Amino acid sequence: MKVFRWGSRALDMFPEDNALHKTYNFEGKVIIIGAGASGLAAAKILQRNNVDYLILEASNRHGGRLKENKTLADFPIDLGAEWIHHLPTVLNRLKGKSGDQVDEETVPYNTFYKFDKDFGSSSYGKIFRWLNSSIMKSLFFFRFKFFPEFKFKNSSWFNFVDKNFAEEVKDKIEFNSPVTQIDYSKDKVDVVTKSGQVYKADKVLVTASIGILKSEYINFIPHLSKEKQDAMESINFMPGFKLVMKFSEKFYSDIIMCKAKTGEKGYYDMAFKKDSKNHILGLLIQGSEVEDFYCLESEEKIVLKALEELDKIYEGKASKTYTGEYVFEDWGRHEFTLGTWIESFQINKSIIQKLNEPLNGKVFFAGELYDLHHQLGVPGAIVSGYHSIDKILTNL
Ligand SMILES: Cc1cc2nc3c(=O)[nH]c(=O)nc-3n(C[C@H](O)[C@H](O)[C@H](O)COP(=O)(O)OP(=O)(O)OC[C@H]3O[C@@H](n4cnc5c(N)ncnc54)[C@H](O)[C@@H]3O)c2cc1C
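Residues numbered from 1 in each chain as written. Predicted model: local features only at pLDDT ≥ 70, side-chain atom pairs only at ≥ 80, totals over all residues.

> Whenever I open this one, the overall build of the protein confuses me. Can you help?
When helices and strands are tallied, the protein shows 12 helices and 21 strands. The contacts in the protein between residues at least 6 apart in sequence include a share of 71% that link residues at least 24 apart. (Helix = DSSP H or I, 4+ residues; strand = E, 2+ residues; numbered from the N terminus. Contact = placed C-beta atoms within 7 Å.)

Encoded structure:
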């Protein structure tokens, strides 16, 4: 039931008490695997409590599924997470700040001009425009009240996490250090990277995506239990990408939602309410519809296909006004992500609990999927980071 989905995003599910509000006395070394939102949030707690720790990050940058482009437009473009699926107050909660007055400038993402498009239909004529009537407006605001969506105005999710989390802990990140093995059979945990370097720790926090864990990129010694593996296998971490294109004029509606067998597909105005002089249109696909694009051999062909689809709706305007500039971020095929996102509130709680279970009290897990507080996306990843590091530091 959709109403439960909306309710599940409610801010009052945010845990009142978290690691940010506590102090810890922990003797021992902690290794965090992954410098995404979750790993960075956990690291911030270790930093504040003077714990000896290190972050091993596979790629050459921090942020994980948060990434921004600052060159294509006159505003920073989120290539990963983009929407705040909440009231902006959640930003304060994530920082441990009280009150509803947020430092970040945000804009409500309440779009009116929306088309629904079925690219599978032969006629390409199945387009419904949201009626701009007062009844539709009332319905819209009713919906928005329960299902708030915001965006950063002149900033990005990457910037938020960079400033509030990474800033304090950056010095402790070892980049280009993909972990390939975790041996938790002895007193200390041996963490081995692709280059063969061995790190010893008392506790390890794994924040790599479920896509990475399912791919068995990391070899656990002893093997993960059958129950844990089954729980992992039951998660459908769908592939997807973001294509961002620049045009010389805005010929498109705020959103064009396309029919998708599984997941989502939509073209949307990325400059919506940003006071931008640029015309930036995004294509975000998650799930089955990627196949139509993944079968093409090059990024250029992917761009051409997107232009073709738009031309069919807007009578050739896309090709005519395309500036030739684009950015393509393929999360589904990114070596250290292998997927897009999970809506953890849709997953059976017992599965999330199983995934959260530590290994021999030494290896713990965190990330968006592991959040039991229904926070979704970036807030979920951060809350899970706090939750798991609290378990580590209190020896639970
Ligand atoms: C296209 C897209 C759109 C999204 N939109 C939104 C949105 O609008 N709003 C929202 O809230 N959320 C959104 N999300 C989801 C959000 O980005 C994620 O929930 C969140 O960033 C996950 O953070 P994390 O720390 O759990 O994982 P990650 O960000 O995946 O971080 C894991 C880190 O671990 C590293 N790593 C992986 N394997 C290894 C290894 N073997 N050794 C060492 N390091 C490793 C990775 O490089 C990465 O840095 C979106 C995601 C995508 C892809």
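That covers the picture; the talk isn't over yet.
> Looking at this structure, I do not really get the environment of Ile342. What am I missing?
Along the chain, Ile342 falls in the loop between β20 (322-329) and α11 (349-356). Sequence separation of Ile342 and Ile210 is 132 residues, and the distance between their C-alpha atoms is 9.2 Å. In this structure, Ile342 is in contact with Ile210, Ile235, Phe237, Glu368 and Leu369, ignoring residues within four places of it in sequence.

> Just checking my understanding: could you explain the sheet that holds strand β21 (residues 363-365) for this structure?
Backbone-to-backbone hydrogen bonds join strands into a sheet, with any given pair of strands oriented parallel or antiparallel. The sheet built from five strands is open, its strands ordered β10-β2-β1-β14-β21 with parallel pairing. The outermost strands of the open sheet, each flanked by one partner alone, are β10 (173-174) and β21. As paired elements, strand β1 (residues 29-33) and strand β14 (residues 203-206) share four bridges and run parallel to each other. Counterpart to Ile31 in the pairing with β14 is Val204. (Pairing = 2+ DSSP bridges.)

> Mind showing me how you'd approach helix α5 (residues 157-169) here?
Because the α-helix completes a turn every 3.6 residues, residues three or four places apart line up on one side. Under the 1.5 Å per step criterion, the end-to-end length of α5 is 17 Å for 13 residues, consistent within 8% with the ideal 18 Å. Restricting attention to buried positions, one finds in α5 the residues Trp157, Phe158, Phe160, Val161, Asn164, Phe165, Ala166 and Val169. (Expected span 1.5 Å × (residues − 1). Buried ≥ 20, exposed ≤ 12 C-beta atoms within 10 Å, placed from the backbone.)

> What is the right way to read the nonpolar core from this model?
Membership of the largest hydrophobic core comes to 67 residues, with the highest contact counts inside it found for Val204 and Leu205. Here the element with the most residues in this core is helix α12 (residues 377-393); it accounts for eight residues. Counting only domains with at least three residues in this core, you end up with domain 1 (2-64 + 160-236 + 343-393) and domain 2 (68-154 + 237-329). Excluding its chain neighbours within four sequence positions, the residues that come into contact with Val204 are Ile31, Ile33, Ile182, Val189, Val191, Lys362, Val363 and Phe364. Within the second largest apolar cluster, 33 residues are counted, among which are Ala73, Ile77, Ala318 and Tyr326. (Core = buried A, V, L, I, M, F, W, Y, C linked by C-beta atoms within 7 Å. Domains from an automatic or database assignment.)

> Explanation requested: the site of the ligand in the structure shown.
Near the ligand you find 40 residues, and of these Gly34, Gly36, Gly64, Gly367 and Gly377 are the closest. Where the shell around the ligand is concerned, the elements lending two or more residues are α2 (37-48), β16 (240-247) and α12. For the shell around the ligand, the class distribution of residues is 20 nonpolar, 15 polar and five charged. Residues from two domains meet in the shell around the ligand; each of domain 1 (2-64 + 160-236 + 343-393) and domain 2 (68-154 + 237-329) gives at least three. (Near = placed C-beta within 6 Å. Nonpolar A, V, L, I, M, F, W, Y, C, P; charged D, E, K, R; others polar.)

> What is the right way to look at the environment of Ala73 in this model?
With respect to the secondary-structure elements, Ala73 resides in the loop between β3 (68-69) and β4 (77-78). Spatially, the C-alpha atoms of Ala73 and Met245 are 10.0 Å apart, while their sequence positions differ by 172 residues. Residues within four places of Ala73 in sequence aside, it is in contact with Lys246, Ala271, Ser276, Asn278 and Ile280.

> What is the right way to read the packing of helix α7 (residues 226-233) against α11 from this model?
For any two helices packed against each other, the geometry is given by the interaxial angle and the distance between the axes. Where α7 meets α11, the axes come as close as 9 Å, and the angle between the chain directions of the two elements is 125 degrees. Classified by the angle between their axes, α7 and α11 sit oblique to one another. Once α7 is placed against α11, the crossing between them reads as left-handed. Here Glu227, Lys228, Ala231 and Met232 of α7 lie close against α11, whose contacting residues are Ile351, Lys354 and Leu355. Its residues placed into classes, the contact of α7 with α11 shows four nonpolar, no polar and three charged. (Axes fitted to C-alpha atoms, helices over the stretch in contact; angles between N-to-C directions. Parallel < 35°, antiparallel > 145°, perpendicular 65-115°, else oblique. Left-handed = near helix turned anticlockwise from the far one by under 90°.)

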